[in-house]
Amino acid sequence: MAKKFDFSKPSDVDDMMTLLLADGDSEDPALVEDLGDESDITSEEKVEECQEDSATEQEYNSTSEDEEEEHAVEDFFIGKDKTTKWTKKPPSAFHRARRHNIIMHLPGVKGDAKNATTILQCWESLFDTELLELIVRFTNQYINSIKENFSRGRDAKETDLIEIRAFIGLLYLAGAYRGSRQSLEELRGSEGDGIEKFGLVMNIKRFKFILRCLRFDERITRSERKTYDRLTPIRELFNQFVQNCQKSYIPGEYVTINEMLPGFRGRCSFRQYIPSKPTKYGIKIFALADSRTIYVHNMEINAGCQPEGPFCISNKPSDVVKRISEPLNGSEQNITADNWFTELVDELKEKKLSYVGTLKKNKCQLPTSFVNVKGRAPYSSMFGFHNGKTLVSYIPKKSRNILLVNSLHRNNAINDDSGEKKKPEVITFYNSTKGGVNTADQMCSTFSVSHNTRCWPMVIFSACLNVAGINAQVISMGNQLEPMRRRIFLKTLSHQLVMGQLAHRSLHTSGMTFQLQTRLKRYLPDEEPVTTPPCAAPPAPQRRKCGVCWQGAGFRRITKYECSCCHQPICLTHVKPLCQTCFAPTIVNLGVSTSQND
């Protein structure tokens, strides 16, 4: 019987995370990208370097300029702005429980996703039929625009919903084997050393064609929309996917905001360089994730400085946090983030959200004694309290300082489990909740569906598929489906996505090799659909290659006859005639009823 997971119980969340991370050995994703000439910019390539350092510890020189004399009073610390006053004593502990410590909604699956009973249904709550039909519609528009470049019409056939699902299923299958960056020929294999399902679902030529033609927006009006939105090619799909993520799950009381960086070295006007990330070059995506279950609840693409219009928004860190946390307003939840300060904390408090995050030393509200580490012993801490906020300075080792502000903890308690390091409780809380987005980013890169591409919208589409794989597994566990290790989950999801295409191909095997036809037979549907009315004349027998001629001498002889027992196509040359008297005992010995062959 499948284990039942209760997201409100820490022990159940720990068991769930064990399954999610079971196959998640740290492995750097491939950094070699296939650069090309397809681009959305015509000027010189631009790369925006991100200078933000999200590290918790900060290093200081003992001769820093911060050694100026501090204006201090006996019971207060005064900030460098000469205005902010931090008290040394915490507020009284004898008061009623604060409102932001009480959440109104328990974490878990919600909406239509709660009715999902299979892995495919869990995934479809995120990539629903409407979203897939959008991909089919715009992809077919592009196929029709280039069809005249092909001499044979069958080389540029339109796609459909079943084939797009199968295409995505193959992407997940390649990711499960960590082979998304390998060549398709190597994945398929030619001597039985590849993945059999790749050749059964669709041939390589068709897969490459769909990969090339995949589109997510109206191509005709794109040039007009690009005048006010850099994300025009992917905007509609990305927004709809994020909305589906928010409709399907309620995050827990602790969430994390950080950036993800899907790797991309092609030409893109808002590509960024972040040295601390494994891929270094890529497209920055801000994400809000549940700190415990790693469910990605909200995302926003950093498109740089947008043109004037409805998408021209501020990229200041504080504004990003306010926008991306907007779905949580009034929920009494806590946000863990990096390097943002007091103005943001006060604004989030007005929206009934608490905040825990690190600081940079250049903030004018900080007292100089909190910034200066000269003369302070390792494992020492300083606390300041101001207007519902707690400021902490902790020295983990010589010349290192951790600065942290929060509106959740209002005391100077030390965590006893830290031993001689004497870490404040707020520091251990930050360490336990800060890794939600980073863990999700690592899980995405471990079993990534990304292929080498010249087109940056495909990078964002692949990132959405990677996130959907994580979120779907969280939903399946919340719905009490059978727990699976992550690799097994992705392979099962892939199988369920491609089953429609396999059933379709098994009914239309004309022109395929005999070996491929034989392997596809096991995917025949239980009941073949009725294509002709009962009163219609029986269809003409299908002409196929004689299996004995083809296997024995490689000779291609077309026949309309087949063996009555194994249904293998066979020509009259290899038929042995029997009289009616001898025919009946032979059929009985083979275990086949005579009535079936009359």
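In what follows, the accompanying structure is described. Small disclaimer: the values here were computed from a predicted structure and weren't measured.

Reading the values: rules and limits
- All residue numbers refer to positions counted from 1 along the written sequence of the respective chain.
- Under the rules for a predicted model, residues below a pLDDT of 70 receive no local features and side-chain atom pairs below 80 are neither given nor counted, while totals for whole chains, interfaces and linings still include all residues.
- Hydrogen atoms and water are omitted, and side-chain values are computed over all heavy atoms in the structure.
- To qualify as a helix, a DSSP run of H or I must reach at least 4 residues; to qualify as a strand, a run of E must reach at least 2; elements of each kind are numbered from the N terminus.
- Only protein chains enter the calculation, and the probe is 1.4 Å; a residue is then buried if its accessible area is under 20% of its type maximum, exposed if over 50%, and partly exposed in between.
- Contacts are residue-level and defined by heavy atoms, with any inter-residue pair within 4.5 Å sufficient.
- Using a 1.4 Å probe, the Shrake-Rupley method yields the accessible areas, and only the shown protein chains count as cover for residues.
- Axes here mean lines fitted to C-alpha atoms, for a helix over just the part in contact, with angles spanning 0 to 180 degrees between N-to-C directions.
- Each angle gets one of four labels, with under 35 degrees taken as roughly parallel, over 145 as roughly antiparallel, 65 to 115 as roughly perpendicular, and the rest as oblique.
- Here a polar contact is recorded for every N or O atom pair within 3.5 Å, except that within protein the pair must consist of a potential hydrogen donor and a potential acceptor, and residues adjacent in sequence are included only if both atoms are side-chain atoms.
- Here, nonpolar core means buried Ala, Val, Leu, Ile, Met, Phe, Trp, Tyr and Cys residues that are tied together by side-chain atoms lying within 4.5 Å of each other.
- Working definition: a ring pair exists when centres of Phe, Tyr or Trp rings (six-membered ring for Trp) sit within 6.5 Å. Plane angles under 30 degrees give stacked, over 60 give edge-to-face, the rest tilted.
- Two conditions define a charge sitting above a ring: the NZ of Lys or the CZ of Arg must be within 6 Å of the ring centre, and it must be within 35 degrees of the ring normal.

**Looking at the overall build of the protein**
Piece 1. A count of helical and extended segments in the protein gives 19 helices and 18 strands.
Piece 2. Taken over 598 residues, the protein has a buried fraction of 48%.
Piece 3. Taking the intrachain contacts of the protein between residues at least 6 apart in sequence as the baseline, contacts between residues at least 24 apart amount to 67%.
Piece 4. Total accessible area on the protein is roughly 30100 Å²; 50% of this is exposed by carbon and sulfur atoms.

**What to know about the packing of helix H15 (residues 456-478) against helix H16 (residues 486-507)**
Piece 1. With their axes 11 Å apart at the nearest point, H15 and H16 run at an angle of 100 degrees to one another. The orientation of H15 relative to H16 falls into the category roughly perpendicular. In this structure, H15 contributes Asn466, Gly469, Ile470, Ala472, Gln473 and Ser476 to the contact, and H16 contributes Arg486, Phe489 and Leu490.

**Some details on the side chain of Asn479**
Piece 1. For Asn479, the location among the structural elements is in the loop between H15 and H16.
Piece 2. Note on Asn479: relative accessible area 14%, which makes it buried.
Piece 3. Separated by 2.8 Å, the side chain of Asn479 and the backbone oxygen of Ala113 make a polar contact.
Piece 4. Not counting residues up to four positions away in its chain, the partners in contact with Asn479 are Val109, Ala113, Lys114, Ala116 and Cys122.

**Overview of the nonpolar core**
Piece 1. By size, the foremost hydrophobic cluster in this structure holds 93 residues, and its most contacted members are Trp123, Phe127, Ile168, Tyr172, Phe241 and Phe461.
Piece 2. When residues of this core are assigned to their parent elements, the largest contribution, 14 residues, is made by H15.
Piece 3. Aside from chain neighbours lying at most four places away, what touches Trp123 is Leu132, Ile168, Tyr172, Leu465, Ala468, Ala472, Leu493 and Leu497.
Piece 4. Judged by nonpolar contacts, the second largest core, of 25 residues, contains Ala337, Leu348, Leu366 and Met382.

**Brief notes about the environment of Thr509**
Piece 1. As for its position among the elements, Thr509 is in the loop between H16 and helix H17 (514-520).
Piece 2. In this structure Thr509 comes out as buried when scored by relative accessible area, which is 14%.
Piece 3. Between the C-alpha atoms of Thr509 and Lys521, which are twelve residues apart in sequence, the distance is 9.4 Å.
Piece 4. Thr509 has contacts with Gln517 and Leu520, leaving out every residue within four places of it along the chain.

**Side note on the packing of aromatic side chains**
Piece 1. Scanning the model with the defined rule gives 14 aromatic pairs in all.
Piece 2. Plain terms: the ring middles of Phe127 and Phe241 are 5.2 Å apart, the flat faces sit at 40 degrees to each other, and that makes the pair tilted. Within this pair, whereas Phe127 is found in the loop between helix H2 (119-124) and helix H3 (129-146), its partner Phe241 is found in helix H9 (residues 235-248), the two being separated by 114 residues in sequence. One exposure class covers both Phe127 and Phe241, and it is buried.
Piece 3. Between Phe270 and Trp456, the ring centres sit 5.1 Å apart and the planes meet at 75 degrees, which makes this aromatic pair edge-to-face. A residue pair is termed long-range when its members are at least 10 positions apart, and Phe270 in the loop between strand E7 (254-260) and strand E8 (272-273) and Trp456 in helix H15 qualify at 186 residues.
Piece 4. Taking relative accessible area as the criterion, Phe270 reaches 1% and is therefore assigned buried.
Piece 5. Accessibility expressed as a relative area gives 3% for Trp456, which makes it buried.
Piece 6. Ring pairs connect the aromatic residues Trp123, Phe127, Tyr172, Phe216, Phe241 and Phe461, which therefore count as one cluster.
Piece 7. Positioned above the aromatic ring of Phe138 is the side chain of Arg137, whose terminal nitrogen or guanidinium carbon lies 4.5 Å from the ring centre.
Piece 8. Lying across the ring of Tyr142, Arg215 places its NZ or CZ 4.0 Å from the centre.

**Some points on unusual backbone geometry**
Piece 1. Look at Glu332: it is not a glycine, yet its phi comes out positive at around 65 degrees.
Piece 2. On the secondary structure map, Glu332 appears in the loop between helix H10 (317-324) and strand E12 (334-337).
Piece 3. A positive phi angle, near 65 degrees, is found at Gln480, a position not held by glycine.
Piece 4. Following the sequence through the fold, Gln480 ends up in the loop between H15 and H16.
Piece 5. Here Gln480 falls in the partly exposed class, since its relative accessible area comes to 29%.

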